[in-house]
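Working through the structure, step by step
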Amino acid sequence: MNDRLNVAIVGAGIGGLSAALALSARGMNVTVFEEILWPREAGAGISIPPNAATLLKRAGLRGALEQVSTRSQGLSARTSQGEPVPTPPASIAEQGYQIHRVEFLNMLLSTVKAPVRFGHRCVGVGETEIGARLTFANGAVHDADLVIGADGIHSMVQRAIGLVSRPTSEGIMAYRGLVQSQRLSWAAELRGLNMWMGAGRSLICFPVSQGRLINVVAFVPSSRDMEETWYAPGDVKALASEYEGWDVPVQDIITALDQTFRWGIYDRPPLPYWSKGRVTLLGDAAHPMVPHFGQGAAQAIEDGFALAALLEHARRDEIPATLKAYQDLRLERTSRVQAASRKAGRFYRSMGEDPSERAEKMREWMSAAAWIFPYDAEKAAAALL
Ligand code: FAD
């Protein structure tokens, strides 16, 4: 009999593909199932902070990452009127990357040594006497030793193991978009993360695709219920009206946008558990978080690498206990990151415009959250063995 564990992953997002990469590298047979036909996420950028970048580089992706991404060079913060808000020195943040999501997904897809079955919408997850069984809308059935639900914020695997997620609106929505750098005279000088904050709103931009595009995320108040999806179209004019009278680069960026997408921001408390028998969760399915600290995907990447380290030497009869150990290790850290992200959001949209007050508060919460970046998820998992 083949001793290698057979792992099935539901979802080929950043979390599912990173987990597939880490699990295959440690000798497991992995199959990934994805409901869509191709990674067709609407264009958007993502920052990969050092805690995730360390793992990807160790897995051999340094060259690929450096080819398609822009290196993070810290955070420049300003008030709505463009007055600089001094930020703490960013030496560790410089080890991260800024990348176009689709380029990142394609990079993971071309690196991962596991079959990825597109067009497979999972509709059922159950345990069998010797493992776990997935069923799909197209009639396919797949048996594995264990199942990982990496199926995002509306996870069906989460529901299948008896969990109920309770979203509450943060009262804000995010407009997202990409601007062609050539449309902005000052784009060539843009480095790192740039943020403007004021009167209940904030706007962040950073270069991706090696500087050819600038990723824009604007958080504005909203009393309406909004979908959490990459595809809901936004209105550029409505976005512009939110930032009337703001610093000139903010207006320039919004004017240069051809289209935007909007995403309602919802917060959710940590789940009571992630693992049941031979089924577990990972990424947004396990710990959806508000995006104000740029850690959602990073925590999904950490999950996959930690789980791979724990499963590498596990026997089949040890799978439930190993998934429980994974849950306990990760639930504690991701719950703290969820709380830090919530706090960051409150700070970004607070009303005060005084730069020195902003700087002081920013120093406070950033140093309180400094534990996030140096963490090594693989080492933390290995320490449990
Ligand atoms: P997803 O990316 O949602 O992937 C889930 C996959 O599962 C999808 O491909 C989906 O099609 C598939 N799927 C779903 N259901 C099924 C099914 N039944 N069967 C088969 N397949 C299924 N994070 C960062 O780290 N840095 C950032 O800068 C950052 N910026 C963000 C900005 C915004 C505006 C938002 C909203 C989020 C941001 N995040 C950021 C968070 C990040 O996008 C998410 O945390 C991350 O995408 C989660 O990855 P995932 O793989 O867990 O889930």
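Residues numbered from 1 in each chain as written. Predicted model: local features only at pLDDT ≥ 70, side-chain atom pairs only at ≥ 80, totals over all residues. Heavy atoms only, no water.

**Some remarks on the overall build of the chain**
Using the following cut-off: Only DSSP runs of H or I covering at least 4 residues are called helices, and only runs of E covering at least 2 are called strands; the numbering of each starts at the N terminus. Residues count as neighbours in contact if any of their non-hydrogen atoms are within 4.5 Å of one another. Here the Shrake-Rupley method, with its probe set to 1.4 Å, supplies the accessible areas, and only the displayed protein chains count as covering residues.
Secondary structure assignment for the chain yields 10 helices and 19 strands. When its C-alpha atoms are laid out on the principal axes, the chain stretches across 65 × 40 × 40 Å. Within the chain, contacts between residues separated by at least 24 positions form 76% of all contacts whose residues are at least 6 apart in sequence. Looking at the chain as shown, the accessible area adds up to about 16100 Å², and 52% of this sits on carbon and sulfur atoms.

**Some details on the pairing of strand β13 (residues 168-180)**
Keep this limit in mind: A pair of strands is labelled paired if DSSP reports no fewer than 2 bridges between them.
Where β13 meets strand β18 (residues 260-267), six bridges bridge the pair, whose relative direction is antiparallel. The residue bridging Met173 from the neighbouring strand is Gly264, located in β18. Bridge count for β13 against strand β16 (residues 213-221) is nine bridges, and the pairing is antiparallel. Bridge pairing in β16 links Gln180 to Leu213.

**Regarding the packing of helix α1 (residues 14-25) against helix α3 (residues 101-111)**
Rules: For helices, the fitted axis covers only the stretch in contact; all axes are lines through C-alpha atoms, and the angles between them, taken along N-to-C directions, range from 0 to 180 degrees. Angular relationships are summarised with four words: roughly parallel below 35 degrees, roughly antiparallel beyond 145, roughly perpendicular across 65 to 115, and oblique for the angles in between. Whether a crossing is left-handed or right-handed is set by the direction in which the near helix is turned from the far one by less than a right angle, anticlockwise for left-handed and clockwise for right-handed. The nonpolar class holds Ala, Val, Leu, Ile, Met, Phe, Trp, Tyr, Cys and Pro. Asp, Glu, Lys and Arg form the charged class, and all remaining residues, Gly among them, are polar.
At their nearest, the axes of α1 and α3 sit 9 Å apart, and the two run at 25 degrees to each other. Considering their axes alone, α1 and α3 lie roughly parallel with respect to each other. In this structure, the crossing between α1 and α3 has a hand that is left-handed. Counted together, Ile14, Leu17, Ser18 and Leu21 of α1 and Arg101, Phe104, Leu105, Leu108, Leu109 and Thr111 of α3 form the full contact between these two elements. When its residues are assigned to classes, the contact of α1 with α3 shows seven nonpolar, two polar and one charged.

**Details of the packing of aromatic side chains**
What counts, and what does not: Classification of ring pairs uses Phe, Tyr and Trp, with its six-membered ring standing for Trp, and accepts pairs whose centres are within 6.5 Å; under 30 degrees between planes counts as stacked, over 60 as edge-to-face, and the remaining range as tilted. Burial classification: accessible surface area is computed with a 1.4 Å probe over protein chains only, and a residue below 20% of its type maximum counts as buried, one above 50% as exposed, and the rest as partly exposed. Note on geometry: a ring has a charge over it if NZ (lysine) or CZ (arginine) is within 6 Å of the ring centre and within 35 degrees of the ring normal.
Applying the stated rule across the entire model yields five aromatic pairs. Their ring planes at 75 degrees and their centres at 4.8 Å tell us that Tyr243 and Trp246 sit as a pair that is edge-to-face. No difference in accessibility class separates Tyr243 from Trp246, as the two residues are buried. Consider the rings of Phe347 and Tyr348, whose centres lie 6.0 Å apart with planes at 55 degrees: the pair is tilted. For Phe347, a relative accessible area of 7% corresponds to the buried category. With relative accessibility at 6%, the residue Tyr348 sits in the buried group. In this structure, Arg333 is placed above the aromatic ring of Tyr375, and the distance from its NZ or CZ to the ring centre is 3.7 Å. The ring of Phe347 has Arg358 lying over it, and the distance from NZ or CZ to the ring centre is 5.4 Å.

**Description of the site of the ligand**
Rules: One heavy atom within 4 Å of a molecule or strand is enough for the residue carrying it to be called near that molecule or strand. Two N or O atoms count as a polar contact when they lie within 3.5 Å, although within protein this holds only if one can serve as hydrogen donor and the other as acceptor, and sequence-adjacent residues are included solely when both atoms are side-chain atoms.
Looking at the ligand, there are 30 residues lining it, with Gly15, Glu34, Arg101, Cys122 and Asp284 nearest. A distance of 2.8 Å separates an oxygen atom of the ligand from a polar atom in the backbone of Gly15. In the environment of the ligand, a nitrogen atom lies 3.4 Å from a nitrogen or oxygen atom belonging to the backbone of Gly296. Out of a free accessible area of 1000 Å², the ligand has 87% covered by protein chains.

**Brief notes about the environment of Arg62**
Relative to the elements of secondary structure, Arg62 occurs in helix α2 (residues 50-68). Put simply, Arg62 and Ala144 are 82 residues apart on the chain and 31 Å apart in space, counted from C-alpha to C-alpha.

**Things to note about the sheet that holds β18**
Reading across the sheet, the eight strands line up as β6-β5-β14-β15-β16-β13-β18-β17 and stay open at both edges, with mixed pairing between neighbours. Two strands close off the open sheet at either side, each with one partner strand: β6 (84-85) and β17 (233-234). Lying on the sheet, helix α6 (residues 248-255) is in contact with β13, β14 (193-198), β15 (201-208) and β16; it crosses β15 at an angle near 65 degrees.

**Digging into the pattern of salt bridges**
Defined as follows: Any carboxyl oxygen of Asp or Glu that lies within 4 Å of a side-chain nitrogen of Lys or Arg is treated as forming a salt bridge with it.
Inspection of the entire model under this criterion finds 19 salt bridges. Between Arg333 and Glu302 there is a salt bridge, with its nearest N and O atoms 2.8 Å apart. Note that Arg333 is positioned in helix α8 (residues 319-348) and Glu302 in helix α7 (residues 296-311), a separation of 31 residues in sequence. Accessibility classification places Arg333 together with Glu302 in one group, the buried group.

These figures come from the coordinates and say nothing about function on their own.
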